[in-house]
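# Fold and geometry: a report
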Amino acid sequence: MRASNVFQQARLPTAPLASLEELTSIPVTCKAELLRDQIAHPPFGTNLTYALERYTHVHLTSGTVGDQLRVPQTSEDWAATRGHFARVLRAAELSERDRVALPFAFGPQLQFWAAAAGVEEIGALALPLGGLDGRERLRAMTELGATAIICTPSYALTLIDLAGSLGLEAAFESVHTVICQGEPGGSIEAARQQIESALGARVVDHAGSTEVGVFSYPCAAGGGLHVNEESFLCEVRDPNTGEEVGAGGHGEMILTALRRRGYPMIRFRSGDVVEVGETCPGGHGDLWLPSGIVGRTDDMVVIGGMNVFPSAIEAAVRETGVLGGYRIRFTADAPEDDHVSVLVETTDPKLVAQIEDLILHRLALRVRIVPVMPGTLRDGRLKTRHVEDARHRTGNGRQGG
Ligand SMILES: [Zn+2]
């Protein structure tokens with residue numbers, strides 16, 4: 001790889017690595033570097049191991065134009081991606097007997113195409129429903145007898161609402177599993193309960209990215225995700241200090257795609273924040289991320305010298321069964337005295353202590369829960385950041401909306 005890949009030449013040591021542990025001697029890769037390289041050497045940059053004729057797929061990361069990385073793959077790279085998604089489906093206990101609804105337009109990101117390829121890999125029947133409106137999708141699912149759906153949690157809820165209003169609930173009659181993608185853990189936990197109670201179907205998560213591929217699969221025993229360590233090397237590090245984070249801690253995933261050769265991703269700073277789990281209840285060997293992806297590093301705030309991820313607070317709030325609105329508020333009475341309070345719509349006084357305990361236990365963070373009457377906070381339900389940073393200094397604080 002080193003001989004032909006100009007981008008990696010400056011980064012990789014001249015002698016081959018003796019072990020995977022030596023990988024950490026290679027500098028991390030940031031998306032900004034790859035973007036700069038692509039702008040300087042359009043259209044694909046210099047992180048190419050082979051001549052362009054070898055490549056068969058190209059996917060774009062999400063983002064605005066000019067901020068999208070183009071990630072080309074060879075057919076060998078793609079075969080690995082197909083296998084990685086098949087792993088997701090098998091972990092969700094899908095098989096060749098399943099008919100899997102894909103209710104989305106196939107955009108330029110990897111996830112859509114990887115999903116379809118994974119369905120084919122396990123021998124299930126793919127039901128591509130892009131280009132249809134919601135009503136047409138529900139009709140097609142009814143007629144084709146869909147048994148599983150792959151979509152964002154928000155979209156699953158949209159379909160459920162629509163089916164209710166159109167009287168098309170039959171679309172979900174044979175659906176036993178919803179495989180979520182594309183949204184972080186807090187949102188998934190909020191949606192999971194609603195989807196599961198509406199459909200009586202299991203909801204499982206998975207996560208991947210266009211940059212490194214489908215690096216995780218759901219844990220059927222304990223929920224959350226496992227990193228597919230057969231194909232991906234994962235370090236979880238404090239985004240500020242670079243220190244490796246142990247079990248129970250939160251940090252940024254730095255991923256190396258071991259089977260991606262055409263456009264190598266070595267120690268890629270994913271920006272995804274995860275909690276490092278102990279061994280999962282199923283005893284599976286791969287690294288367990290009990291809450292899936294809990295947020296992004298750019299959401300992080302520093303409180304009393306600690307990294308705090310609003311999504312992790314959000315996930316804990318949702319875990320206690322709060323379905324109404326809430327707002328996380330960072331305040332500081334004095335510059336060195338940060339406070340976290342969470343306004344929660346509830347009439348149940350027991351919840352206050354329960355949420356405070358869970359957050360203290362889970363995040364080692366003392367927060368003050370302030371119960372407010374239901375309806376007080378405008379509830380965006382999903383995909384809305386409910387964060388208010390009212391501290392004096394700017395620092396890492398980021399105003400949420
Ligand atoms: Zn497991």
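Residues numbered from 1 in each chain as written. Predicted model: local features only at pLDDT ≥ 70, side-chain atom pairs only at ≥ 80, totals over all residues. Heavy atoms only, no water.

### Here's the deal with the overall build of the protein chain
Helix and strand counts for the protein chain come out as nine helices and 20 strands. Taking 21 Å as the expected radius of gyration for a compact globule of 401 residues, we find that the protein chain reaches 22 Å, a close match to that expectation. Once the C-alpha set of the protein chain is aligned to its principal axes, its extents read approximately 65 × 60 × 40 Å. Burial statistics for the protein chain: of 401 residues in total, 53% are counted as buried. Considering only intrachain contacts with a sequence separation of at least 6, the fraction spanning at least 24 residues in the protein chain is 66%. For the protein chain, the computed accessible surface area is about 17500 Å², with 52% contributed by carbon and sulfur atoms. Charge centroids of the protein chain, computed over 37 positive and 50 negative side chains, lie 3 Å from each other. (Helix = DSSP H or I, 4+ residues; strand = E, 2+ residues; numbered from the N terminus. Rg over C-alpha atoms; globule rule 2.2 N^0.38 Å. Buried < 20%, exposed > 50% of the residue type's maximum accessible area, 1.4 Å probe, protein only. Contact = heavy atoms within 4.5 Å. Areas by Shrake-Rupley, 256 points an atom, 1.4 Å probe, with all protein chains shown as cover. Lys, Arg positive; Asp, Glu negative; His and termini not counted. Charge placed at Lys NZ, Arg CZ, Asp CG, Glu CD.)

### Details of the packing of aromatic side chains
Counted according to the given criterion, the structure contains four aromatic pairs. Ring centres 6.4 Å apart and planes at 55° place the aromatic pair tyrosine 50 and tyrosine 55 in the tilted group. Between phenylalanine 104 and phenylalanine 106, the ring centres sit 5.3 Å apart and the planes meet at 55°, which makes this aromatic pair tilted. With a relative accessible area of 9%, phenylalanine 104 lands in the buried category. The exposure class of phenylalanine 106 is partly exposed, given its relative accessible area of 28%. In textbook terms, an aromatic cluster arises when at least three aromatic residues are bridged by ring pairs, as seen for Phe104, Phe106, Phe112 and Trp113. If you follow arginine 54 out to its NZ or CZ, it ends over the ring of tyrosine 50, 4.0 Å from the centre. Over the ring of tyrosine 217 we find arginine 87; its NZ or CZ atom is 4.2 Å from the centre of that ring. (Phe/Tyr/Trp six-rings, centres within 6.5 Å; stacked < 30°, edge-to-face > 60°. Lys NZ or Arg CZ within 6 Å of the ring centre and 35° of its normal.)

### Description of the coordination of the zinc ion
The protein atoms that coordinate the zinc ion are Cys219 (SG), His226 (NE2), Cys280 (SG) and His284 (ND1), at distances of 2.0 to 2.3 Å. Angles of 101 to 122° at the metal separate the four donor atoms of the zinc ion, which places the site in the tetrahedral class. Here histidine 226 falls in the buried class, since its relative accessible area comes to 0%. (Donors = N, O, S within 2.8 Å, 3.2 Å for Na, K, Ca; no water. Tetrahedral: all angles 85-135°; square planar, octahedral: opposite > 155°, others 65-115°.)

### Digging into the sheet that holds strand β4 (residues 125-128)
Spatially, the five strands line up as an open sheet ordered β4-β3-β5-β6-β7, and their pairing is parallel. If you trace the sheet from one side to the other, it starts and ends with β4 and β7 (202-205), each paired once. On average, each strand axis in the sheet is tilted by 20° relative to the strand beside it, whichever way the strands run. (Pairing = 2+ DSSP bridges. Axes fitted to C-alpha atoms, helices over the stretch in contact; angles between N-to-C directions.)

### A look at the pattern of salt bridges
Using the criterion set out here, one finds twelve salt bridges in the structure. The residue glutamate 235 makes a salt bridge to arginine 267 at a minimum N-O spacing of 2.7 Å. Of this pair, glutamate 235 sits in strand β10 (residues 232-237) while arginine 267 sits in the loop between β11 (250-257) and β12 (268-275), and the two are 32 residues apart along the sequence. In this structure glutamate 235 comes out as buried when scored by relative accessible area, which is 5%. The buried category is assigned to arginine 267, whose relative accessible area is 6%. Between glutamate 252 and arginine 269 there is a salt bridge, and its shortest N-O distance comes to 2.7 Å. (Salt bridge = Lys/Arg side-chain N within 4 Å of Asp/Glu carboxyl O.)

### Here's the deal with the confidence of the model for the protein chain
Taken as a whole, the protein chain shows an average pLDDT of 88; of its residues, 92% reach a score of 70 or greater. Per-element confidence in the protein chain ranges from a low mean pLDDT of 76 for helix α7 (residues 185-199) to a high of 98 for strand β3 (residues 99-102). Contacts from residues 379-383, a stretch scored under 50 in pLDDT, to residues over four places away or in other chains number 18 contacts. In this model, residues 394-401 is a region of pLDDT below 50 whose contacts with residues beyond four sequence positions or in other chains number 18 contacts. (pLDDT = per-residue confidence, 0-100.)

### Regarding the packing of helix α5 (residues 134-144) against helix α6 (residues 153-166)
In the contact formed by α5 and α6, the axes pass within 10 Å of each other and the chain directions differ by 85°. As summarised for this structure, α5 and α6 are arranged roughly perpendicular, according to the angle between their axes. Here Gly134, Arg135, Arg137, Leu138 and Met141 of α5 come into contact with α6, specifically with Tyr155, Leu159, Leu162, Ala163 and Leu166. Residue composition of the contact of α5 with α6, by class: seven nonpolar, one polar and two charged. (Parallel < 35°, antiparallel > 145°, perpendicular 65-115°, else oblique. Nonpolar A, V, L, I, M, F, W, Y, C, P; charged D, E, K, R; others polar.)

### Here's the deal with the environment of methionine 141
Tracing the backbone shows methionine 141 in helix α5. In this structure the C-alpha to C-alpha distance between methionine 141 and serine 174, which are 33 residues apart in sequence, comes to 9.3 Å. Setting aside residues no more than four positions away along its own chain, methionine 141 makes contact with Ala101, Leu129, Ala146, Ile149, Leu159, Ala171, Phe172 and Val175.

### Some remarks on the pairing of β11
Most of β11 is tucked away: eight of the eight residues are buried. Alignment of β10 against β11, held across six bridges, turns out to be antiparallel. In the strand pairing of β11, arginine 237 is matched with glutamate 252. Where β11 meets β12, five bridges bridge the pair, whose relative direction is antiparallel.

### A closer look at the pairing of β3
The sheet contact formed by β3 and β4 spans four bridges and is parallel. Across the sheet, the residue bridging to arginine 99 is leucine 125, located in β4. On the question of chirality, the crossover connecting β3 to the parallel β4 by way of helix α4 (residues 110-121) is right-handed. (Right-handed = clockwise from strand over helix to strand, strands pointing away.)

### What to know about the state of the cysteines
Applying the stated rule across the entire model yields zero disulfides. Cysteine 234 takes part in no disulfide bond, and the closest cysteine sulfur, belonging to cysteine 280, lies 15 Å away. A relative accessible area of 13% means that cysteine 234 is categorised as buried. (Disulfide = S-S within 2.5 Å.)

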